[in-house]
Amino acid sequence: MDTGIMARTVSDAGRKAVCLENASVRTVICAQGGMMPEFGLKRGRGLLNAHWIPEWRANSGLPWSPAEHKAFWKSGLLYHLAGDFPCSPSFGGDCVVEGVALPAHGWAASSEWKLERVGVEDGVAFARFTLVSPDARMPLEYVKDDLVFPGQDAYFSVMTIRNTGAKPILINVGRHNTIGGPFLQAGCRISLPADRFLTAPHGTEFEATGQLRLGAEFTDLAHAPLADGGTVDLSKVPGPIGYTDFVTGAIPRELALGWSAVANPETGLAYVCFFPGMEGLPEGEIALGFNDLWLQYGGRPFTPWAMAEGAPDRTFCLGTENITGAYAEGLAYSLGHRELLGRETLVEIPAGGERTLCYGAALLDIGAGLAVEGIRKVEAAPGRIVLSGVRTSCQFQVGSDFGEARRFVRHLGR
C-alpha cells in the first residue's frame, strides 16, 4: 500500500520551508518562526487547509525590514505570521526580563530556525530544526522534531529546551494554533477541557477591541460575561462581528491528555490539538496548563488587520492556543503573576538540564452527528485518539499517547 510519505524542502513565498505529508494530509513548516501555514486534508488536486494564512501575509520574498515594512505590518512576527507556531521563552507581546529583550512570542516565533535534517526514516517523514538563544544571559537551546506518520491525519512536534547555564531559567512555553478558512466557518463549535476561565485583564490590547467584561472569571464557555451585561456563547463561532477577545482557561490537573477542539458541523471535520496532561506526565516533560482562545472576529481597525488605520478589520480567524503563561502578556508579566486559576504560569528549565514538550494536531472526519452534538471529551489510547460527545464517540489512528513520537525522536538521537 502506498503510504504517500514524503519529506522535502520547499519555498513558501521565498521562505525556507519543509513539506511533510502522507497519503491524506500535508503540512508545511517554515524555518522563520516555525510558522505552519499549511495543515490540511488532501482533496482531489487540492488541499482543505485548516491553518490560517492572513491575506496580508508578506509574499514578496523580501526579508523583514523595519524601515520598509513596520508602518503597515508593525512587527516582523506579523510580517511572517501564519497557522501554528511554537512560542518560547515568552508568550505574548515584547518585554524585557533582567535586561534581556524578548520579541513577541519569544525567539521561537520571531527568529529563524536552522534546518538540520529532513527526510524519511522507518516510514516517518520528519524535519529537525534547532535554535540557539541570541542572548547569552538567557542561555537556551531548542531542538524541534516535526513528524508525520503514515496513516495518521495528524502532525506531531517534539520540542526539547536545554538550559546550558549555571542557574535555573523560568520561561513561558506554548503553541499558537490558529485556524482559518476554508475550515473555519460561522457555526463551528469550540470545545475545551478547561472548567474555569478568565477574560483578559484591564490594560491589555483587548480592552479596546473586545465585547467581554474584562478580568471576569466564569465556568462555562456558553455563558461568558459581556461588558454591557448579559452573556454570550463563546463555544459557537459567530463569524465576523467586529470584536476581538481573549479568554484563558485552566486545564484540569487530573487529565492525562490536554486538548482543544473545533468542529465544523457543515463538513463533519474537527481540528484537534493534543498534548500530555499533568496526570502521569513522564519525568522531564512539560504539561501545558492553559487553553487560550484568541477570538479574532474583526475588532482591530488598524493595520495589518485592516487595510489602513481606522478602516474596518477584515480578519476572521480563531486561535486555539495551548500554553503555560499568564494570558498573552509576555514572560515579564508571568514572572509577576506566577499563578492563574490555580495553575503555574511558568516552566522551570533546570541548570544544565532540559524539558520536552510533546504536541500534536489532527484534522479528523468525525461526522456531522458528533460535530453538531459537540465534543465533550478527548482521550488517548495506545496509538489512538478517542473523541466523545454526550451520545456519540469515535476513534482514529492517531498516536495521541505520543509513544511512537517519543520512540522516533530517540531513534534520531541528538
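Asker: In this structure, what is going on with the overall build of the chain? I would like to understand it.
Answerer: When its secondary structure is counted, the chain shows six helices and 32 strands. In terms of C-alpha radius of gyration, the chain reaches 20 Å, essentially the compact-globule figure of 22 Å for 414 residues. Judged by the C-alpha coordinates and their principal axes, the chain covers about 55 × 55 × 45 Å. Across the 414 residues that make up the chain, the buried fraction comes to 59%. Within the chain, counting contacts between residues at least 6 apart in sequence, those at least 24 apart form 62% of the total. As presented, the chain carries roughly 15800 Å² of accessible surface, and 51% of it is formed by carbon and sulfur atoms.

Asker: Sorry if this is basic, but what is going on with the sheet that holds strand β22 (residues 257-264) here?
Answerer: The strands making up a sheet associate through hydrogen bonds between their backbones, and the pairing can be parallel or antiparallel. The eight strands lie next to each other as β9-β10-β11-β12-β29-β23-β22-β16, forming an open sheet whose pairing is antiparallel. The sheet is open, and its two borders are formed by β9 (114-121) and β16 (189-191), each paired with just one other strand. Strand-to-strand twist in this sheet, taken as the mean axis angle between neighbours without regard to direction, amounts to 15 degrees. As paired elements, strand β10 (residues 124-132) and strand β11 (residues 140-148) share eight bridges and run antiparallel to each other. Across the sheet, Ala125 pairs through a bridge with Val148, a residue of β11.

Asker: Even after reading the chapter, I still don't get the pairing of strand β4 (residues 38-43), so can you show me in this structure?
Answerer: In regular strands, side chains alternate between the two faces of the sheet. Pairing of strand β3 (residues 25-30) with β4 involves four bridges; the strand directions are antiparallel. Across the sheet, residue Thr27 finds its bridge partner in β4, namely Phe39. In the sheet, β4 pairs with strand β5 (residues 46-49) via four bridges, with the strands oriented antiparallel. Opposite Arg43, over in β5, you have Gly46 as the bridge partner.

Asker: Is there a simple way to think about helix α6 (residues 403-412) in this case?
Answerer: Owing to its 3.6 residues per turn, the α-helix aligns residues three or four sequence positions apart on the same side. Among all positions in α6, only Gly403, Ala405, Arg406, Phe408, Val409 and Leu412 are buried. Packed against the buried residues of α6 are β9, β10, β11, β12 (154-163), β23 (269-276) and β29 (354-365). Looking at the residues trailing α6, positive phi occurs at Gly413, about 70 degrees.

Asker: Explanation requested: the packing of aromatic side chains in the structure shown.
Answerer: To describe a pair of aromatic rings, one takes the distance between the centres and the angle between the planes. Going through the model one piece at a time under the given rule, you end up with 22 aromatic pairs. Between Phe72 and Trp73, the ring centres sit 5.0 Å apart and the planes meet at 85 degrees, which makes this aromatic pair edge-to-face. Looking at Trp73, the relative accessible area reads 16%, which means it is buried. Members of the aromatic cluster, joined through ring pairs, are Phe39, Tyr155, Phe183 and Tyr271. Note that Arg300 overlies the ring of Trp305, its terminal NZ or CZ placed 4.5 Å from the centroid.

Asker: Could you clarify how one ought to interpret empty space enclosed by the protein in this entry?
Answerer: A probe matching the size of a water molecule, rolled over the atoms, marks out where space remains unfilled. In total, this model carries one cavity of 30 Å³ or more according to the counting rule given. Empty space within the largest cavity amounts to approximately 30 Å³. Along the walls of the largest cavity sit Gln211, Leu234, Tyr243, Asp245, Leu295 and Tyr297, which together make up its complete lining. Of all the secondary structure elements, the ones that give two or more residues to the lining of the largest cavity are β21 (243-250) and β24 (290-297). In terms of residue class, the lining of the largest cavity is built from four nonpolar, one polar and one charged.

Asker: What is the right way to look at the side chain of His51 in this model?
Answerer: When you line up the elements, His51 lands in the loop between β5 and α1 (66-73). Here the side chain of His51 touches Tyr271 through a polar contact of 2.8 Å, side chain to side chain. In this structure His51 touches Met36, Pro37, Glu38, Phe39, Gly83, Asp84, Tyr155, Thr178, Ile179, Gly180, Gly181 and Tyr271, once residues within four positions along its chain are discounted.

Basis of the calculations
- Residues numbered from 1 in each chain as written.
- Predicted model: local features only at pLDDT ≥ 70, side-chain atom pairs only at ≥ 80, totals over all residues.
- Heavy atoms only, no water.
- Helix = DSSP H or I, 4+ residues; strand = E, 2+ residues; numbered from the N terminus.
- Rg over C-alpha atoms; globule rule 2.2 N^0.38 Å.
- Buried < 20%, exposed > 50% of the residue type's maximum accessible area, 1.4 Å probe, protein only.
- Contact = heavy atoms within 4.5 Å.
- Areas by Shrake-Rupley, 256 points an atom, 1.4 Å probe, with all protein chains shown as cover.
- Pairing = 2+ DSSP bridges.
- Axes fitted to C-alpha atoms, helices over the stretch in contact; angles between N-to-C directions.
- Phe/Tyr/Trp six-rings, centres within 6.5 Å; stacked < 30°, edge-to-face > 60°.
- Lys NZ or Arg CZ within 6 Å of the ring centre and 35° of its normal.
- 1 Å grid on protein atoms, 1.4 Å probe; cavity = no way out; pocket = protein on both sides within 12 Å on 5 of 7 lines; lining within 4 Å.
- Points joined across faces, edges and corners; volume = space filled by probe spheres on them.
- Nonpolar A, V, L, I, M, F, W, Y, C, P; charged D, E, K, R; others polar.
- Polar contact = N/O pair within 3.5 Å; in protein donor to acceptor, adjacent residues only side chain to side chain.

It is worth stressing that arrangement in space is one thing and function is another; only the former is reported here.
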